[in-house]
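# Topology and contacts: notes
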Amino acid sequence: MYRDETALYVVAVLIDVTNEKENEQRLKAQSELQCRLSDSVPCGIVRYTVDDEPRVLFVNRTGCEIFGYADFAAYRAGTAGGKIVPIHDDDDELHAKTVAALKAGAAPIGFTYRFVRSDGSMGWIEGTSALERDIDGRTVVQSAFLDVSDRQQKRYEQDIHRYSMVLCSVYDEIVEFDGENKTYRSLYSSGRTLADRTMPMEEALKFWTDHLPEPDDRLRLRAAIDECLADDGASPIACTYRMAFEDRSCWYQSILLRVSESAVLCCSKDVTEHVSNEDRRIMMRVLDTMGKLPVGVGVFAKRDGEVRLRYANDRLSTMFGDGLPGAPDNPDWDAPLELSEEVKRLDQRCVDQEFIADGNELDVGLRAVRDNGEAIDVRIQGRVAREPDGELVLYAVVSDVTAELRDQRERSWQNERYRLLSEMTHKMSFDYDSDSDTVLLYMDRTGKGMEAQVIPHYLETLSETRGKIIHPGSMDDVRRMFQHARSGANEVSAEYQADYFGKGYAWYRANLFVAHDVAGVWHLVGLIENIDDEHDLRFRAENDATTGLSNHTATQDLVASALADASVRRHSVCVALDIDDFK
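Residues numbered from 1 in each chain as written. Predicted model: local features only at pLDDT ≥ 70, side-chain atom pairs only at ≥ 80, totals over all residues. Heavy atoms only, no water.

Turning next to the overall build of the chain. Scanning the chain from N- to C-terminus turns up 16 helices and 25 strands. Residues classed as buried in the chain amount to 33% of the 583 residues present. Restricting to contacts in the chain with at least 6 residues of sequence separation, those with at least 24 account for 40%. Summing over all exposed atoms, the chain offers an accessible surface of approximately 36,800 Å²; the carbon and sulfur share of this is 52%. (Helix = DSSP H or I, 4+ residues; strand = E, 2+ residues; numbered from the N terminus. Buried < 20%, exposed > 50% of the residue type's maximum accessible area, 1.4 Å probe, protein only. Contact = heavy atoms within 4.5 Å. Areas by Shrake-Rupley, 256 points an atom, 1.4 Å probe, with all protein chains shown as cover.)

Ordered by their spatial adjacency, 5 strands build an open sheet running S4-S3-S7-S6-S5, and the pairing between neighbours is antiparallel. Each edge of the sheet is formed by a strand with only one pairing partner; in this case those strands are strand S4 (56-59) and strand S5 (109-116). Across the sheet, the axes of successive neighbouring strands diverge by a mean angle of 25 degrees, strand direction being ignored. As paired strands, strand S3 (residues 44-49) and S4 are joined by 3 bridges and run antiparallel to one another. Note on S4: the bridge partner recorded for Tyr-48 is Val-56. Docked against the sheet, helix H4 (residues 92-103) engages S3, S5, strand S6 (122-133) and strand S7 (139-147), running at close to 150 degrees with respect to S5. (Pairing = 2+ DSSP bridges. Axes fitted to C-alpha atoms, helices over the stretch in contact; angles between N-to-C directions.)

Before going further, it helps to examine empty space enclosed by the protein. Empty space among the atoms becomes visible once a probe the size of a water molecule is rolled across them. On inspection of all chains with the given rule, the structure shows 2 cavities of 30 Å³ or more. There is about 80 Å³ of room inside the largest cavity. Forming the boundary of the largest cavity are Val-46, Tyr-48, Phe-67, Val-85, Ile-87, His-95, Phe-111, Tyr-113, Ile-125, Ser-129, Ser-143 and Phe-145. Where the lining of the largest cavity is concerned, the elements lending two or more residues are S3, S5, S6 and S7. For the lining of the largest cavity, the class distribution of residues is 9 nonpolar, 3 polar and no charged. For the lining of the second largest cavity, the element with the most residues is helix H13 (residues 475-486), which contributes 3 residues. Here the residues of the lining of the second largest cavity sort into 10 nonpolar, no polar and no charged. (1 Å grid on protein atoms, 1.4 Å probe; cavity = no way out; pocket = protein on both sides within 12 Å on 5 of 7 lines; lining within 4 Å. Points joined across faces, edges and corners; volume = space filled by probe spheres on them. Nonpolar A, V, L, I, M, F, W, Y, C, P; charged D, E, K, R; others polar.)

This part takes up the pattern of salt bridges. Counted under the stated rule, the structure contains 20 salt bridges. Asp-91 is the partner of Arg-114 in a salt bridge, and the nearest nitrogen-oxygen pair spans 2.6 Å. Taken together, the residues span a long stretch of sequence, with Arg-114 in strand S5 and Asp-91 in the loop between helix H3 (72-79) and H4 at a distance of 23 residues. Each member of the pair, Arg-114 as well as Asp-91, carries the same accessibility label: buried. Its salt-bridge partner being Glu-93, residue Lys-97 comes within 3.7 Å of it at the nearest N-O pair. Taken together, the residues Lys-97 and Glu-93, both in helix H4 and 4 residues apart, mark about one turn of the helix. The pair formed by Lys-97 and Glu-93 is uniform in burial state, with each residue classed as exposed. (Salt bridge = Lys/Arg side-chain N within 4 Å of Asp/Glu carboxyl O.)

Another point: the nonpolar core. Core analysis: the largest hydrophobic core is formed by 29 residues, its most contacted members being Tyr-432, Tyr-458, Phe-482, Tyr-500 and Ile-528. Ranked by the residues each element gives to this core, the list is headed by H13, at 5 residues. Not counting residues within four places of it along the chain, the set of residues in contact with Tyr-458 comprises Tyr-432, Asp-437, Val-439, Arg-466, Ile-470 and Phe-482. (Core = buried A, V, L, I, M, F, W, Y, C linked by side-chain atoms within 4.5 Å.)

Turning to its location among the elements, Asp-437 is positioned in the loop between strand S20 (428-433) and strand S21 (438-443). Despite its burial, Asp-437 remains without a salt bridge, the nearest opposite charge being carried by Arg-486 at 6.5 Å. A polar contact is formed between the side chain of Asp-437 and the side chain of Tyr-432, at a distance of 2.9 Å. In terms of polar contacts, Asp-437 uses its side chain to reach the backbone amide nitrogen of Glu-460, at 3.2 Å. Once residues within four sequence positions are removed from consideration, Asp-437 is found in contact with Tyr-432, Ile-455, Pro-456, His-457, Tyr-458, Leu-459 and Glu-460. (Lys, Arg positive; Asp, Glu negative; His and termini not counted. Polar contact = N/O pair within 3.5 Å; in protein donor to acceptor, adjacent residues only side chain to side chain.)

Summed over the entire model, instances satisfying the criterion amount to 19 aromatic pairs. Between Trp-208 and Tyr-241, the ring centres sit 6.1 Å apart and the planes meet at 70 degrees, which makes this aromatic pair edge-to-face. Of the two residues, Trp-208 is situated in helix H6 (residues 201-209) and Tyr-241 in strand S11 (residues 237-244); the sequence distance between them amounts to 33 residues. We note that Trp-208, like Tyr-241, is buried. Seen from their ring centres, Tyr-241 and Tyr-252 are 6.5 Å apart, and the 15 degrees between their planes marks the pair as stacked. Taken together, the residues Tyr-241 in strand S11 and Tyr-252 in strand S12 (residues 249-258) connect sequence positions 11 residues apart. Assigned by exposure class, Tyr-241 and Tyr-252 land together as buried. (Phe/Tyr/Trp six-rings, centres within 6.5 Å; stacked < 30°, edge-to-face > 60°.)

What follows deals with the environment of Cys-64. Inspection of the secondary structure assignment puts Cys-64 in helix H2 (residues 61-67). Residue Cys-64 is classed as buried on the basis of its relative accessible area of 1%. Excluding its chain neighbours within four sequence positions, the residues that come into contact with Cys-64 are Val-59, Tyr-69, Asp-71, Phe-72 and Tyr-75.

Below, the discussion takes up the pairing of S5. With 8 bridges connecting them, S5 and S6 associate as antiparallel partners. Of the residues in S6, the one forming a bridge with Thr-112 is Glu-126.

A few words on the packing of H6 against helix H7 (residues 215-230). Orientation of H6 relative to H7, taken along the N-to-C sense of each, is 150 degrees, at an axis distance of 10 Å. Taken together, the axis directions place H6 and H7 in an arrangement best described as roughly antiparallel. For the pair H6 and H7, the sense of crossing is right-handed. Between H6 and H7, the contacting residues are Met-201, Glu-202, Leu-205, Trp-208 and Thr-209 on the first element and Arg-218, Leu-221, Arg-222, Ile-225 and Leu-229 on the second. (Parallel < 35°, antiparallel > 145°, perpendicular 65-115°, else oblique. Left-handed = near helix turned anticlockwise from the far one by under 90°.)

The following block contains the structure:
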């Protein structure tokens, strides 16, 4: 368009688009014809792109009906924001593999998928998928499929019927839990007319668990059903529980097996006789084991002011002589006992301290008398537990500790003798056990009296652990003392420096004797005394105060001692020289 001095001119270019319009109308007509043809076929057809942004292009009328929609517009509205094709989540991986194979050049592929209808229910479709490209160059998957849900359901019902026919000869009751529809269906019940009865799952579970008296059984059974419904069903789950009815109580065992994507088959049978027999076998094994134990085992209950015997193994029955004190010759279950005065005092102490309570543990010592008049020391260890009938029962292990306590008393008295000896002599008592390499040392470290100090691995770790106590220059003298004892000496002694009290090194003398105990182990026992003052006086008496050397008398004694040794005298010469007339 332009304007000159007198007029406005419009210039137009006309292009002939007749062919393009005719092609567009032809394609549109072909598309409408294809849609009418697709709508007329008795199977579902869906076309969708599989490029970067997949979207559904077309679903025919049968396909919309299969998926639960009135038409394609309703389908697009119902699936907006979700999957373009309503395949079940569990089959997404299978669908993705099919598309990948088609994109890789595979020929049309058959499939069987689960799908989700618009109302949330699940169905099955079976068909074929092929890959093509449309006029715009987009990669499109076209699938033709049939609704085979009825066939799958019929096949499932047939399988369930076969399962039931086989299992009803083994189990007393067979039921089906449908996790998708939340229903319970009885397939078989021995002696009861409940077959093919369907009811809500929660209502059925409540009726079921109301007959389970144990809360733990209710929790375990419900957890097993939930686990089987949620799991992949690779293996069955077994659950044993006790059921209580008005006229009887029995044990049941249920086997839970996943038989489809949403259904669990529960097969139950009465195992009361089996459990009773197993309980008896276990009880016999337990009683046999209890009878072989080197300790007494007893079960006691207190009722109406009397202690009653519920069980006693052979060891407990004979621990006090020919039989358990106070028990009848042939004690019946729950027989009352005639308590000795010692046991009565123990029982009264437990009552006063309010000990008898669920979960409390008992660990006490008791002195009693055997039927031959000998004293016996026993240790009673046990736990109080509340039985199902509400009664408190003591499960106890009774050990004969007479010899053990006698040894302890003997060791205690031996230690007491060491302590008294140390107190009276103001010296340290020393006892070395060569078998355990252990030293028992009694010393007054705090000024409050003699205390025992146990030093394990004494010689093994002498340099490492005693290096700060025994002077390094005295370490060889201490070792030599033990070597002489090991070589057969009856008594040994040594003078050495040590810091036993953390106040600096002092001189000590150990006078020790070799003694053997009843087991043949040799001990090094004796006293260690502080000779610091004596050592100081002796040093001043034997050494010159000015030079610190040995004086004339001490020198003569040292020379005489050396010459008294024949081996030294044969190979030595003694010369005394006065080099400066000092003395």
